[in-house]
Amino acid sequence: MFRLDARSGAALALASALALTAALGASCAGAPPAQRGTAACPPLCPQPTTPPPPAPPGAVVPGTPGEAPVFDPERLTLVLDDPRLAPVQKLVAQEAYASAAAAMAQALSAPLPPADAAAFRYQLGRLRALAGDPLGAAREYDAAAAAGGPLADHARFAAADLLARAGQPDAAIERARAVASDVAIADELDRVVAHALAEKGDIGAAAARWQAYLARSWPASTWVPEALRFARALLRHPKEDHAEEAIRLARRVLDEAPGGAGAGEAKEILEQALSTLPFARRKPFLDPGPADLLARARALLASRQDKEALAVTEALIALPEAQAPSAFACDAFAARGEALGRVRRRAEAADIYGTAIERCGPAAPAAAASASAPAVVAVASAPAAAASAPAASAPAAAASAPAAPAAAGAGAPAPRRPETLYNAARASFRVDRHAEAAARFALLEKEYPDHRLADDARYLGARALLALGDQAQFVQMLTAMPDDYPSGDMVADGLFELALFEMERDGWAGAVRPLELGLARFPHERAYHAAGRFPYYLGRAHIETGSPDKGRALLEQVIRDYPLSFYMALAHARLSDADPAAAQRALSAALERDASAPYAELRSPLFARPAFTRAVELARQGEAKLARRELDALGVGSRTAPREVMWASAFLLARAGALPQSYSILRTAMAAGDGRVELAGDWVDHYPAGRWRGAWELAYPRPFAALVAAEAKRSGIPEALAYAIMREESAFDPKVASPAQAYGLMQLIVPTAKRMAKPLGLPSSAEALKRPEVNIALGCRYLSVLRGQFSDNPLLAIPAYNAGGGAPKRWIAERPSQSFDLWVERIPYEETRLYTKRVLASLAVYELLYTGDQPSEALRTPLPASPAARSAVANAAP
């Protein structure tokens, strides 16, 4: 198994998305003896006079006849890892690209095997482009293409792109035409050719290419600037048709670009284009019809432009077409409710959702009278309203464009009535209008008993009734849930909620039955927030009800079967408190078991495909994004590729220094469904021992190792905690920015950063927070401050990091005697509750993987949430 250490995971900033492994040292192939292996090796070392030894076999090893090839990550070497290129690598690490290009040219002057020459030439093209020499880069890419090999078409494409940008359209088009259609990058040819044609003044042909390009699915960072470039090109050739197309492009950017990206330029284009049109052709753009307005509202909601969506939905619900029941009116008021909720006008959202329910029309008679509907507890009717909630279904903008408004009519409910009922009930629930919420959830169950949201409505409806004090109905509804919804995806949560209700009031005997049912029906849950919860709490219940041996056996089972999960950490801590030796034996036995567990080779016929070969070579060049494009062509992005290819792709991208991309493959492939592959059983069922260790190191890497070590030591926090926070906050992407304006590796907002930066003398601007050396220092200091506020249980710094230091203090004050496990289960913010579970599990992993010789915080969590608060309550008792 490939071992991913801190060095191979560190990224070098080349530019944009270029990431390479850290410099491997100062060996200098062929240097005079006095220079070999010294740090003073000059940039241009003398080359060997004899050819170098043959390169080791590639990462893909052909199988024997009848066998598929094997991918072996240990055989994968980056181009710049070649000892002959040590001077180049050193200069790249310094971002001295012009000097690096000169050093690479020197390396190419020596005799080289053809494959090495082609690879070096391709890398030289990249270096010249980074050095600001597009024409020189294009020449090198031409030479790499002429040399042949897996990246010949990528080299042709790169040359075409550079030439188009450098104002040589004919040469660009010539190279673009030579690119084969089966390479993943071929779908970008329309963009390159559009640039070249626009440069030649052929706007008609360029427009056709741009339209084809923008019709595909691209990330906003790609399509937004391209749409604006297309619009500008159209306006340079004044025609009414061009102005209308430019208006549509600008409007798309304004409505669909996340967070309003490109809005300033789009508004300029819109104003300019509108000013060129006569009134008759301008009017439709200034006065859109109902369907267009609804589509715009949905797009704004999907792109998180909440204030803009609020303004559009206000106009939407005022239209005459929205004043009577219809599919259009239903969707219009539902969009208004969502927009109000997004801007935290939650009571208003609940009210407007009531109107949405009415506008959705009556339930279909067949659904309303369904004999198969599960029994639903009757709730007194309440005003039709509900608190803001995220849409239950896919983002509204992803839905098909609305048809012309149509009346719902008697017996013809709007298609989205069940989703509207659910969101309305959630909205009511969130503003504590529990009677109203329960009534709306019950209505959804009654009208749509077979809908995918019906079991969700049962679960949340029961919780709403419990909030009203109706414990009997709560218990009845959740007890019946497994029979009423045998295939419902909320049944496990319903049984667990029933058990929590009993455990919170020390009714451990009453918790046994739902926990046993849950364990029998869901014997091995995999979701990170649930894995091991039934056996863990069943073990606790047996201990609390006088069966300690039975309970401890279940805790040992959790340690054995759910490696380094949240509930495994809790089980280890609780077992350690009662019997430290037993806890250690259980963990040691599991580690020994997995140290000798077999690990299947990564073998797949897809490794022989040209796309995978190109992906390997692109990764070797440090072209992680292009490698991912080729891998997606094999089904990695859609999670339909075989498990072996998913794993190989994660290893490949990590080796190329693209940790966020590698991690995203593992993070998104953790649950099977819809025929998509899941990776959970491959590694999370095994401890990081033996050959399985490499998989865990891949999923839990340590980038920026020197920085983290230094700043964790300075702030007095565990390195493992810094990595656990960083992994969950940013997935190790130093440039990431959240919608809440948190920045960088540890996702700090500017006000918090300012407070932390002052004593350290560091900057705290948004841009500064995207620099690892600044972000890590400030994030570690903030963790230190939070840990100081919870000295009796430093783990409370984890929810404090997410929700603010005051939130855990409030929750401790409300529940001072509660055990840590139940306290976490009842964190009122779902985001913070799940975050706490993820980070604590990550902390357990980093501790065992990298600091196993030191005491673990995660595996020794205090049993009370706050030992000091519990002690104070006990002392105050009469």
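Our subject is the structure that appears above.
Residues numbered from 1 in each chain as written. Predicted model: local features only at pLDDT ≥ 70, side-chain atom pairs only at ≥ 80, totals over all residues. Heavy atoms only, no water.

Enquirer: Looking at this model, I keep getting lost on the overall build of the protein. Mind explaining?
Expert: Per the secondary structure count, the protein includes 43 helices and six strands. Put simply, the protein has 878 residues, and 53% of those count as buried. For the protein, the computed accessible surface area is about 36,000 Å², with 54% contributed by carbon and sulfur atoms. (Helix = DSSP H or I, 4+ residues; strand = E, 2+ residues; numbered from the N terminus. Buried < 20%, exposed > 50% of the residue type's maximum accessible area, 1.4 Å probe, protein only. Areas by Shrake-Rupley, 256 points an atom, 1.4 Å probe, with all protein chains shown as cover.)

Enquirer: Is there a simple way to explain the pattern of salt bridges in this structure?
Expert: For side chains bearing opposite charge, pairing can occur when the charged atoms are close. Tallied over the full model, the rule gives 66 salt bridges. E338 serves as the salt-bridge partner of R342, at 2.9 Å between the closest nitrogen and oxygen. In this pair, R342 and E338 are both assigned in helix α16 (residues 327-342), four residues apart and thus about one turn of the helix distant. For K770, the salt bridge identified is with E767, shortest N-O distance 3.4 Å. For K770, a relative accessible area of 17% translates into the label buried. Via salt bridges that share partners, D161, R165, D187, E188, R191 and R629 belong to a single interconnected network. (Salt bridge = Lys/Arg side-chain N within 4 Å of Asp/Glu carboxyl O.)

Enquirer: What's the story with unusual backbone geometry in this structure? I'm lost.
Expert: As a rule of thumb, non-glycine residues mostly have phi less than zero, and peptide bonds are mostly trans rather than cis. Although it is not a glycine, R344 adopts a positive phi angle of roughly 65 degrees. With respect to the helices and strands, the residue R344 is situated in the loop between α16 and α17 (346-359). Using a relative accessible area of 62% as the deciding quantity, one classes R344 as exposed. A positive phi angle, near 60 degrees, is found at R639, a position not held by glycine. Relative to the elements of secondary structure, R639 occurs in the loop between α30 (624-633) and α31 (643-655).

Enquirer: Help me out: how do you make sense of the state of the cysteines in this one?
Expert: Cysteine pairs can be covalently joined through their sulfur atoms, and such a bond is termed a disulfide. One pass over the full model with this rule turns up one disulfide. A disulfide bridge connects C330 with C360, and the sulfur atoms are separated by 1.9 Å. Sign of the S-S torsion, about 60 degrees for the bond between C330 and C360, identifies this disulfide as right-handed. Taken together, the positions of C330 in helix α16 and C360 in the loop between α17 and α18 (365-368) put the pair 30 residues apart, joining distant regions of the chain. For the pair shown, C330 and C360 are each scored as buried. (Disulfide = S-S within 2.5 Å.)

Enquirer: How do you make sense of the side chain of S842 when you look at a structure like this?
Expert: For S842, the position within the fold is in helix α42 (residues 830-850). Owing to a relative accessible area of 1%, S842 belongs among the buried residues under this scheme. At a separation of 2.7 Å, a polar atom in the side chain of S842 contacts the side chain of E728. What S842 contacts, discounting residues up to four positions off in sequence, is Y700, A724, R727 and E728. (Polar contact = N/O pair within 3.5 Å; in protein donor to acceptor, adjacent residues only side chain to side chain. Contact = heavy atoms within 4.5 Å.)

Enquirer: Hey, could you run me through the nonpolar core in this one?
Expert: Soluble globular proteins tend to pack their nonpolar side chains together in the buried interior. The biggest cluster of nonpolar side chains holds 247 residues, and the ones touching the most others in it are F71, M503, L515, W683 and Y801. If one sorts the elements of this core by residue count, α42 sits on top with 10 residues. The residues contacting M503, other than those within four sequence positions of it, are W508, A511, L515, Y537 and L822. Membership of the second largest hydrophobic core comes to 17 residues, among which are V92, A101, L108 and F120. (Core = buried A, V, L, I, M, F, W, Y, C linked by side-chain atoms within 4.5 Å.)

Enquirer: For this particular structure, what's the right way to read the packing of aromatic side chains?
Expert: A ring pair, where both rings are aromatic, is described by two values, the distance of the centres and the angle of the planes. Scanning the entire structure with this criterion turns up 24 aromatic pairs. Arranged with centres 6.0 Å apart and planes meeting at 45 degrees, the rings of Y536 and Y567 form a pair that is tilted. Taken as a pair, Y536 in helix α25 (residues 533-544) and Y567 in helix α27 (residues 566-578) lie far apart in primary sequence, 31 residues in all. Given the relative accessible area of 0%, Y567 is considered buried. Between F566 and Y567, the aromatic rings sit 4.9 Å apart at their centres with planes inclined by 75 degrees, giving edge-to-face as the arrangement. Summarising the burial analysis for this pair, F566 and Y567 share the class buried. The ring of W223 has R252 sitting right over it, with the charged end atom 4.2 Å from the ring centre. (Phe/Tyr/Trp six-rings, centres within 6.5 Å; stacked < 30°, edge-to-face > 60°. Lys NZ or Arg CZ within 6 Å of the ring centre and 35° of its normal.)

Enquirer: Help me understand the side chain of E847, please; the structure alone is not making it clear to me.
Expert: Locating E847 in the fold gives a position in helix α42. One buried charge, E847, has no salt-bridge partner; the nearest side chain with opposite charge is R787, at 7.6 Å. There is a polar contact of 2.5 Å between the side chain of E847 and the side chain of S856. Those residues in contact with E847 that sit more than four places away from it in its chain are A720, G852, S856, E857, A858 and L859. (Lys, Arg positive; Asp, Glu negative; His and termini not counted.)

Enquirer: I would appreciate a short explanation of helix α15 (residues 306-317) in the present structure.
Expert: Side chains of residues three or four places apart in an α-helix project in the same direction, reflecting 3.6 residues per turn. For α15, which comprises 12 residues, the first-to-last C-alpha distance of 16 Å matches the rise-based estimate of 16 Å (1.5 Å per residue) to within 8%. Of the residues making up α15, those classed as buried are D306, A309, L310, V312, T313, L316 and I317. Looking at the buried positions of α15, the neighbouring elements they touch are α14 (290-302), α16 and α17. (Expected span 1.5 Å × (residues − 1).)

Enquirer: How should I be thinking about the environment of G804 in this particular structure?
Expert: One can find G804 in the loop between α39 (797-803) and α40 (806-814). For the pair G804 and L786, spaced 18 residues apart in the sequence, the C-alpha separation amounts to 8.9 Å.

Enquirer: Where do I start with helix α8 (residues 189-200) in this structure?
Expert: Across its 12 residues, α8 extends 17 Å between first and last C-alpha, which sits within 8% of the 16 Å expected from 1.5 Å per residue. Counting buried residues along α8, nine of its 12 residues qualify, which places the element largely inside the surrounding structure. Looking at α8, one finds that the buried residues are L189, D190, R191, V192, V193, A194, H195, A196 and L197. Its buried side turned inward, α8 meets α6 (152-165), α7 (169-177), α9 (203-214) and α10 (220-235). Phi turns positive one or two residues past the end of α8, at G201, with a value near 90 degrees.

Enquirer: Any chance you could explain the environment of A339 here in plain terms?
Expert: Tracing the backbone shows A339 in helix α16. Once residues within four sequence positions are removed from consideration, A339 is found in contact with L301, A309, L310 and T313.

Enquirer: Just checking my understanding: could you explain the environment of R282 for this structure?
Expert: Along the polypeptide, R282 turns up in helix α13 (residues 279-286). Among the residues examined, R282 registers a relative accessible area of 23% and is labelled partly exposed. Distance from R282 to I247, taken between C-alpha atoms, is 9.8 Å for residues 35 residues apart in sequence. Once residues lying within four places of it in the same chain are set aside, the contact partners of R282 are L274 and L277.

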